[in-house]
There are 2 protein chains.
Amino acid sequence: MRGAVIHAPGDVRVETLEDPKIRHSTDAIIRTALTCVCGSDLWPYRGLEPVGDPHPMGHEYIGVVEEVGSAVTAVTPGQFVVGSFATSDNTCANCRNGFPSNCLHREFMSTCQADHVRIPNAQGTLVATDHVPGEEFWPSLLAVSDVMGTGWWAADAAGVRPGSTVVVVGDGAVGLCGIIAAQQLGAERIIAMSRHGSRQELAREFGATDIVSERGDDGVARIKDLTGGIGADSVLECVGTAEAMRQALRCARPGGNVGFVGVPHEVAVDGEELFYSHVGLRGGPAPVRRHLPDLIDRVLSGRIDPGKVFDLTLPLDQVAEGYRAMDERRAIKALLTP
Amino acid sequence: MRGAVIHAPGDVRVETLEDPKIRHSTDAIIRTALTCVCGSDLWPYRGLEPVGDPHPMGHEYIGVVEEVGSAVTAVTPGQFVVGSFATSDNTCANCRNGFPSNCLHREFMSTCQADHVRIPNAQGTLVATDHVPGEEFWPSLLAVSDVMGTGWWAADAAGVRPGSTVVVVGDGAVGLCGIIAAQQLGAERIIAMSRHGSRQELAREFGATDIVSERGDDGVARIKDLTGGIGADSVLECVGTAEAMRQALRCARPGGNVGFVGVPHEVAVDGEELFYSHVGLRGGPAPVRRHLPDLIDRVLSGRIDPGKVFDLTLPLDQVAEGYRAMDERRAIKALLTP
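Residues numbered from 1 in each chain as written. Chains lettered and ligands numbered in written order. Predicted model: local features only at pLDDT ≥ 70, side-chain atom pairs only at ≥ 80, totals over all residues. Heavy atoms only, no water.

Per an unreviewed UniProt entry, chain A goes by Threonine dehydrogenase-like Zn-dependent dehydrogenase and derives from Labedaea rhizosphaerae.

Here's what the structure looks like:
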């Protein structure tokens, strides 16, 4: 099969790799319908995380089941499936508590920028659609497997409810999907913090009612101006840097909540500041599997269209250009067609 | 009047001070019925916080109203009142959102180890009882104004609900009151982390079902043993040190919650660890005023008896011995009678 391999920062290539095989009775093999490049893939690409030995890349996928292990009964060959970047058995205590992305048997996906993928824990991870959906739905279903699931979780963790005032920190694909989630959950006011024209436009299309282009202390001051001086009920931190976390915490009102879904890089939260703020903080890898049936339904019924975050489509063989375009912020998110 | 003044670490004296006067129309003056020494008073007493110039001490009080400013109509002279260490107008946006301890007009009380006290924001802060309660209820009503209110908030912030498994980190007065709160909120299992015989006994009396005397990694391992390997639904952090916070976060299950009410001293939360734990974190100065009517009712109806945390009673003039006994852990909490 063909798949992307990272060799060093800035060096991602598509190579011929060994075809994936069923290794455990709980595995499935899918033929990838679509895959893509994630903002978190840029950390090693930019040399901000060690690359180590050359290894495959990618954790987002939708596809058609080709083969299943003997323990897999929930999906069958020929079915169109959506999964998650974190696999889960959907039966352990953490899964039952609603945190499949902390499944006791979790494996993070890491080989999905390829035309075939082995899915561990397939029984608990994959959700099949009733029939093969029209291709027009595929980008949004792919988004659901990661960025839309993560945006939803950010809103959930931040306690967004009908009437809430919401701030979204980060205008990448996850932040934009967070706007969709806040809108769907009934937020009255959604303030997107963004400095990029095309992203501001998409933010508005997804439901943002206000745009704040200032950052740092100035950004916080603007949010206070817009929220009666106290801050927002819910803040979605969708970046993962120390600056973004600080900004998010300071934009929330006393008793408000920050949902943080940007994978943190050198983030430390000051205990005293958090204490006196009364702000609640929860984050983590999104429990996508929990929300998958609902989100698939919202896509197929036309209520949400998160696939719009893909503003560049490339054949898998041109994955390197996908990374480059995202690194240079020429693209929000690059879709790859195997 | 007579009141306690701290001059330096280890040096607290009762002195004759100027009688408090109404300064603002929103003030009240109360004659103190009972006051006490708080664990947080020990920080400057131990020299772990700067003392600065000599200043009065104390933020816990119950008493009888002697005089009110012209804007105070909710309480009248002669009424017995319970308040909070943080004053609040009970009308601002933060108060309406349930966070009176973050009132836009908040003043922290700091002169209560005295026979008379000026209460700012009296209208929003003080709650009068129907009549002067029997003296047997006074210690518990005093507890409600701070440690019981704080224990309740810890349980609330940690999301304790019927059937929860709860861990309480810290066996001081607040931790012990956190056990009462967890029990009242219907927790099925309450694990107290305590190494002191007399405190373990009180913990059991208040509703603890298990005692864990190990600390740090060993303590976390014991909690995991007792909770099916995953940790507790809710953890109450009632200490405020970096070690206690680390222990609390590691005792919570994925998707669980930590309520932190120990005033943090040099606590930094690692963003990456918090992220992958999926644990929710919320703390702060307890919004005692929110819970006051309910907690007063629980005391006067005999459902809770948090006054048992006072295991030493001294006349106000012997306040120095109260600090010493608590510093040396000879007493959990010292009650002072003016």
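## What about the interface of chain B and chain A?
Operational definition: By definition, residues are in contact when any of their heavy atoms lie within 4.5 Å. Defined in terms of a 1.4 Å probe, buried area is the accessible area two parts forfeit on being brought together, summed over both. Between Lys or Arg on one side and Asp or Glu on the other, a salt bridge is scored when a side-chain nitrogen of the former is within 4 Å of a carboxyl oxygen of the latter. N or O atoms within 3.5 Å of each other form a polar contact, as long as, within protein, one can give a hydrogen and the other can take it, and as long as residues adjacent in sequence are counted only when both atoms are side-chain atoms. By definition, any uninterrupted DSSP run of H or I lasting at least four residues is a helix, any uninterrupted run of E lasting at least two residues is a strand, and each is numbered from the N terminus. Each residue gets one label: Ala, Val, Leu, Ile, Met, Phe, Trp, Tyr, Cys and Pro are nonpolar, Asp, Glu, Lys and Arg are charged, and the others, such as Gly, are polar. In this analysis, strands are considered paired if DSSP registers two or more bridges between them.
Tallying the contact residues gives 38 residues for chain B and 38 residues for chain A. The junction of chain B with chain A conceals about 3,100 Å² of combined surface from both sides, 61% of it contributed by carbon and sulfur atoms. When residues of chain B are sorted by the area they lose upon contact with chain A, Phe275, His278 and Arg282 of chain B head the list and together hold 23% of the total. Where chain B packs against chain A, one counts 0 salt bridges. Where chain B packs against chain A, one counts 20 residue pairs in polar contact (both at pLDDT 80 or more). Counting residues per element, the ones that place at least two in the side of chain B that touches chain A are helix H2 (93–96), strand E13 (252–260), strand E14 (268–270), helix H10 (271–277) and strand E15 (280–283) of chain B. Of the residues assigned to the side of chain B that touches chain A, the class counts are 20 nonpolar, 14 polar and 4 charged. Relative to E14 of chain B, strand E14 (residues 268–270) of chain A is paired through 3 bridges, and the arrangement is antiparallel. Across the sheet, the residue bridging to Val269 of chain A is Val269 of chain B, located in E14 of chain B.

## Here's the deal with the pairing of strand E17 (residues 334–337) of chain B
Residues and elements named next belong to chain B. Note the following rule: Crossover handedness is defined by viewing with both strands directed away from the observer: a clockwise path from the first strand over the helix to the second marks the crossover as right-handed.
With 2 bridges joining them, strand E3 (residues 28–36) and E17 adopt antiparallel strand pairing. Residue pairing across strands places Cys36 opposite Leu335, the latter belonging to E17. Pairing of strand E16 (residues 312–315) with E17 involves 4 bridges; the strand directions are parallel. Its bridge partner being in E17, Leu312 is matched across the sheet by Ala334. A crossover connection joins E16 to the parallel E17 through helix H12 (residues 319–327); in handedness this β-α-β unit is right-handed.

## As for the relation of the copies chain B and chain A
A rotation about some axis, followed by a shift along it, carries one copy of the chain onto the other. We apply this condition: To line up the copies, we fit them by least squares on C-alpha atoms, keeping just the residues with pLDDT of at least 70 in both.
Superposition of chain B onto chain A requires a rotation of 180° combined with a translation of 0.0 Å along the rotation axis, giving an RMSD of 0.0 Å. Here the transformation between the copies is reduced to the relation of a two-fold axis. The overlap is high: 100% of the interface residues of chain B also sit at the interface in chain A, so the same surface is used on both sides.

## Description of the pattern of salt bridges
It is possible for side chains of opposite charge to pair when their charged atoms get near one another. Residue and element names in this part refer to chain B. Quick note on the threshold: Partly exposed describes any residue whose relative accessible area lies between the buried limit of under 20% and the exposed limit of over 50%, with all areas from a 1.4 Å probe on protein chains only and scaled to the type maximum.
Taken as a whole and judged by the stated rule, the model has 40 salt bridges over all chains. A salt bridge links Arg2 to Asp317, with the nearest nitrogen and oxygen atoms 3.2 Å apart. Here Asp317 lies in the loop between E16 and H12 and Arg2 lies in strand E1 (residues 2–8), a separation of 315 residues in the sequence. Judged by relative accessible area, which is 53%, Asp317 ranks as exposed.

## Let's talk about the pairing of strand E1 (residues 2–8) of chain A
All names here are of chain A. In terms of strand pairing, E1 meets strand E2 (residues 11–16) through 6 bridges, oriented antiparallel. When the sheet's bridge partners are listed, Gly3 is paired in E2 with Glu15. Between the antiparallel neighbours E1 and E2 lie 2 residues, among them Gly10 with a positive phi of about 80°.

## What about the UniProt feature "domain: Enoyl reductase (ER)" (unreviewed entry) in chain A?
For clarity, the cut-off: UniProt positions are given in the numbering used here, feature names are shortened, and annotations may be inferred rather than shown by experiment.
Residues annotated by UniProt as "domain: Enoyl reductase (ER)" (unreviewed entry) correspond here to residues 10–336 of chain A. Summarising residues 10–336 of chain A: 31% helix, 23% strand, and an end-to-end C-alpha distance of 18 Å.

## Concerning the domain arrangement of chain A
All names here are of chain A. For clarity, the threshold we go by: Domain extents, as shown, originate in an automatic or database domain assignment.
Annotation of chain A at the domain level lists domain 1 (2–146 + 287–337) and domain 2 (150–283). Every contact between the two is made by 21 residues of domain 1 and, on the other side, 18 residues of domain 2. Of all residues in domain 1, the largest losses of buried area upon contact with domain 2 belong to Trp43, Arg329 and Ile332, amounting jointly to 31% of the total for that side. Across the domain 1-domain 2 interface, the total number found is 3 salt bridges. Lys308 is the salt-bridge partner of Glu205, the closest N and O atoms lying 2.4 Å from each other. Considering every element that reaches the side of domain 1 that touches domain 2, the biggest residue donor is helix H11 (residues 288–300), with 5 residues. A class-by-class count of the residues in the side of domain 1 that touches domain 2 yields 10 nonpolar, 1 polar and 10 charged.

## Here we look at the sheet that holds E1 of chain B
Read from one edge to the other, the open sheet built from 3 strands follows the order E2-E1-E4 (chain B), with strand pairing classed as antiparallel. Among the strands making up the open sheet, the edge pair consists of strand E2 (11–16) and strand E4 (55–56) of chain B.

## Thoughts on the packing of aromatic side chains
Between two aromatic rings, the relevant description is the distance of the centres plus the angle of the planes. Going by this rule: Under the pairing criterion, centres of Phe, Tyr and Trp rings, with the six-membered ring standing for Trp, must be within 6.5 Å; the plane angle then separates stacked pairs below 30 degrees from edge-to-face pairs above 60, leaving the rest tilted. Whether a charge lies above a ring is judged from NZ of Lys or CZ of Arg, which has to be within 6 Å of the ring centre and within 35 degrees of the ring normal.
Enumeration according to the criterion identifies 12 aromatic pairs over all chains in this entry. On the basis of an interplanar angle of 85° and a centroid distance of 5.7 Å, the ring pair of Phe99 of chain B and Trp153 of chain B is categorised as edge-to-face. Residue Phe99 of chain B is found in the loop between H2 and strand E7 (116–119), and its partner Trp153 of chain B is found in helix H5 (residues 147–157); the two are separated by 54 residues along the sequence. Aromatic rings pair up to connect Phe260 of chain A together with Phe275 and Tyr276 of chain B into one cluster. Geometry around Phe99 of chain A places Arg290 of chain A over its ring, the cationic atom sitting 5.0 Å from the centre.

## What to know about helix H11 (residues 288–300) of chain B
Residues and elements named next belong to chain B. Filter applied, for reference: To estimate the expected span of a helix, count its residues, drop one, and scale the result by 1.5 Å. Throughout, bend refers to the angle between the axes fitted to the seven residues that end at a position and the seven residues that start at it.
Look at H11: 17 Å from first C-alpha to last across 13 residues, which is about the 18 Å you get at 1.5 Å a residue. Roughly 35° is the biggest bend found in H11, and it falls at Asp294. If you check which residues of H11 are buried, you get Val288, Arg289, His291, Leu292, Leu295, Ile296, Arg298 and Val299. Lining the buried residues of H11 we find strand E6 (80–82), helix H3 (122–125), strand E8 (127–128), helix H4 (138–144), H5 and helix H6 (173–184). Count one or two residues on from H11 and you reach Gly302, which has phi positive near 80°.

## Description of the sheet that holds E2 of chain A
Residue and element names in this part refer to chain A. Strand order across the open sheet formed by 3 strands is E2-E1-E4, with antiparallel pairing between neighbours. The open sheet terminates on both sides in strands that have one partner only, identified here as E2 and strand E4 (55–56). Examined bridge by bridge, E1 and E4 share 2 bridges and lie antiparallel to one another. Considered in E4, the bridge of Val5 is made with Pro56.

## Topic: the environment of Ile332 of chain B
All names here are of chain B. Within the element layout of this structure, Ile332 appears in the loop between H12 and E17. Classification of Ile332 by relative accessible area gives buried; the value is 9%. Sequence-distant contacts of Ile332, that is, excluding residues within four places in its chain, are made with Gly172, Ala173, Leu176, Arg199, Leu202, Val309, Asp311 and Met326.

## Overview of the packing of helix H8 (residues 216–226) of chain A against helix H9 (residues 242–251) of chain A
All names here are of chain A. Filter applied, for reference: An axis is simply a line fitted to the C-alpha atoms; with a helix, the fit covers only the stretch in contact. Between two such axes, the angle follows the N-to-C directions and lies from 0 to 180 degrees. Relative orientations are named as follows: roughly parallel for angles under 35 degrees, roughly antiparallel for angles over 145 degrees, roughly perpendicular for angles from 65 to 115 degrees, and oblique for any other angle. In this scheme the crossing of two helices becomes right-handed for a clockwise turn of the near helix relative to the far one and left-handed for an anticlockwise turn of less than a right angle.
Viewed as axis vectors pointing N to C, H8 and H9 meet at an angle of 25°, and their least axial separation amounts to 9 Å. It follows from the interaxial angle that H8 and H9 lie roughly parallel. Every pair of crossing elements has a handedness; the one defined by H8 and H9 is right-handed. Two secondary-structure elements touch here, H8 through Gly216, Asp217, Val220, Ile223 and Lys224 and H9 through Glu243, Gln247, Arg250 and Cys251.

## Observations regarding H8 of chain A
Residues and elements named next belong to chain A. Selection criterion: As used here, the arc belongs to the directions running from the helix axis to the C-beta atoms.
Turning to H8, its buried residues number three or more, namely Gly216, Gly219, Val220, Ile223 and Leu226. Across the axial projection of H8, the buried residues extend over an arc of 120°, all falling on one side. Structural note: H8 exposes Asp217, Asp218 and Asp225 on the side pointing more than 90 degrees away from its buried face. Taken together, the buried residues of H8 touch strand E9 (165–169), strand E10 (189–193), strand E11 (210–212) and H9. Directly after H8, the chain includes Gly228, whose backbone phi takes a positive value near 60°.

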